[in-house]
Amino acid sequence: DAGVIQSPRHEVTEMGQEVTLRCKPISGHNSLFWYRQTMMRGLELLIYFNNNVPIDDSGMPEDRFSAKMPNASFSTLKIQPSEPRDSAVYFCASSLRSGTYEQYFGPGTRLTVT
Amino acid sequence: GESVGLHLPTLSVQEGDNSIINCAYSNSASDYFIWYKQESGKGPQFIIDIRSNMDKRQGQRVTVLLNKTVKHLSLQIAATQPGDSAVYFCAEGHTGGFKTIFGAGTRLFVKA
């Protein structure tokens, strides 16, 4: 299996622009997670999907952030408008089962907002 | 609130020695604990997990110990190799939930 796939790997954008991050989970996994990692705050869970349905988005920092999972093999995380403080590495992870089990992380997208 | 913390932010060991990475957790309701390894430029990688009905679990060259009395978790790596150099995160959650709380991480340096 190719593992969790994320694109782009790097994104540099100007403040105010829209950013869309993409994720393809491992086939057969029914749970998907979006995380943000920074030096100051570590790994933070942004949102969790189970069977394509958003279960908890309490970690989404603001209304500028939105996530969708239109089908079992694709998810997006959108930031509109982006701000410099959004600069971070964004990880997508998937898990075989719902509930608390080991997660498989993608390589991440390094976002820089200038 | 829930939190998972690490005693040592960095650990330096000689190749071939055993490494011990420690972690403290504060949520008594947590009953599932996981160790992840993150190499530079990569996402965290699952190493080993343990549920609260166990106090020890072994994998390949790794052992996780859980002491629920003092809310302490440790990861032992036997015969540490240069490829073990990474940041190690402990994480906690509870059965029936989905949210995994990650600790701050410990950076392991392996000296050749």
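Computed from a predicted model, the values in this text were never measured in an experiment.

**A look at the overall build of chain B**
What chain B contains, in helices and strands, is 0 helices and 11 strands. N-terminal to C-terminal, the α/β element order of chain B is β-β-β-β-β-β-β-β-β-β-β. For chain B, whose C-alpha radius of gyration is 13 Å, the value lies close to the compact-globule estimate of 13 Å for 112 residues. The C-alpha extent of chain B, read off along each of the three principal axes, is 40 × 25 × 20 Å. Residue burial in chain B is summarised as follows: out of 112 residues, 46% are buried.

**Points about the environment of A:Ser75**
Residues and elements named next belong to chain A. By the element assignment, Ser75 lies in strand 8 (residues 74-79). A residue is classified by how much of its surface remains accessible, and Ser75, at 0% relative accessible area, is buried. A sequence separation of 41 residues divides Ser75 from Trp34, and the C-alpha atoms of the two residues are 9.3 Å apart. At a separation of 2.8 Å, a polar atom in the side chain of Ser75 contacts the main-chain carbonyl oxygen of Lys68.

**Observations regarding the pairing of strand 7 (residues 62-67) of chain B**
All names here are of chain B. Across 3 bridges, strand 6 (residues 56-58) lies against strand 7 in antiparallel orientation. Bridge pairing in strand 7 links Lys56 to Leu65. Taking the residues between adjacent antiparallel strands as the criterion, strand 7 and strand 8 (residues 72-77) are bridged by 4 residues, where Lys71 takes a positive phi near 55 degrees.

Definitions and cut-offs
Residues numbered from 1 in each chain as written. Chains lettered and ligands numbered in written order. Predicted model: local features only at pLDDT ≥ 70, side-chain atom pairs only at ≥ 80, totals over all residues. Heavy atoms only, no water. Helix = DSSP H or I, 4+ residues; strand = E, 2+ residues; numbered from the N terminus. Rg over C-alpha atoms; globule rule 2.2 N^0.38 Å. Buried < 20%, exposed > 50% of the residue type's maximum accessible area, 1.4 Å probe, protein only. Polar contact = N/O pair within 3.5 Å; in protein donor to acceptor, adjacent residues only side chain to side chain. Pairing = 2+ DSSP bridges.

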